[in-house]
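# Understanding the architecture of this molecule
Each chain, letter by letter, is given below.
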Amino acid sequence: MFFSLMKKFFYNIFTVLALFKGLFITLSHMFKKKVTLQYPEEKWKTPSGYRGFPRLVPSDKEGRTYRCVSCKLCEAICPSDAIYIEPNEPDDKSHFLLDLNRSPKVFDIHMGRCIVCGLCEEACPVEAITMSEEHIISQYDQHVRHKEDLLLPQEYAKHLLEKKRKFTFTTKISI
Ligand code: SF4
Ligand code: SF4
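Our subject in this report is the structure included herewith. (Residues numbered from 1 in each chain as written. Chains lettered and ligands numbered in written order. Predicted model: local features only at pLDDT ≥ 70, side-chain atom pairs only at ≥ 80, totals over all residues. Heavy atoms only, no water.)

Every one of the 14 residues lining ligand 2 counts as a neighbour, but Cys68, Cys71, Lys72, Cys74 and Cys124 are closest to it. Taken together, the residues of the shell around ligand 2 break down into 12 nonpolar, one polar and one charged. (Near = heavy atom within 4 Å. Nonpolar A, V, L, I, M, F, W, Y, C, P; charged D, E, K, R; others polar.)

Listed below in structure tokens is the structure:
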């Protein structure tokens, strides 16, 4: 009888202690800094070194032309076959950026296939494609992005290239 009463007593004590412990944890979180973001109004700020989806780098200050010379190295190295490039004809002078360089007529990236591996950026000899900080690509109707959608603003491209150079050894090309 005595042991039974003691057992019940301690059981009740531990239950109450566990209850207070739970309440204390809840209360302590009320005064901590909130981490919940009100998405989509608030966006997550990516950490330095974060690698988002690939985008194209402009060749001029206004950000209208492409640095890409259609060598197709990125297309060849892409492990998920996400890149498709068609170069402009070499005799079409209106599309020449530099002597002997050809800008792309078609430059598509299939966002659903891209695995954000960064190999296209590594393979590019002229830093014409770079991994952006972009991580939100959900859209209703556009899995394939065309060159017009991929071209970055010049200042942002410059920022991304400078960031990339911090983490890799590359030949510097002024932009
Ligand atoms: S990041 Fe990787 S998967 Fe995506 S386009 Fe570049 S090479 Fe292809
Ligand atoms: S993005 Fe770079 S690697 Fe890809 S086709 Fe253009 S120049 Fe070549």
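That shown, we press on.
A word on the nonpolar core. Counting residues in each nonpolar core, the largest one holds 21 residues, and the members touching the most others are Leu56, Ile83, Phe107, Ile109 and Ile129. Contributing elements (two or more residues each) for this core: strand 2 (83-87), strand 3 (104-110) and strand 4 (129-131). If sequence neighbours within four positions are ignored, Leu56 has contacts with Tyr66, Phe107, Ala128, Ile129, Lys147, Leu150, Leu151 and Leu152. One finds Val57, Leu152, Leu160 and Leu161 within the second-largest nonpolar core, a separate group that totals five residues. (Core = buried A, V, L, I, M, F, W, Y, C linked by side-chain atoms within 4.5 Å. Buried < 20%, exposed > 50% of the residue type's maximum accessible area, 1.4 Å probe, protein only. Helix = DSSP H or I, 4+ residues; strand = E, 2+ residues; numbered from the N terminus. Contact = heavy atoms within 4.5 Å.)

Looking along the chain, the bond that leaves Tyr39 and enters Pro40 is cis, with omega of 10 degrees. Residue Val116 is not a glycine yet carries a positive backbone phi of 55 degrees. Mapped onto the elements of the fold, Val116 is located in the loop between strand 3 and helix 3 (119-123).

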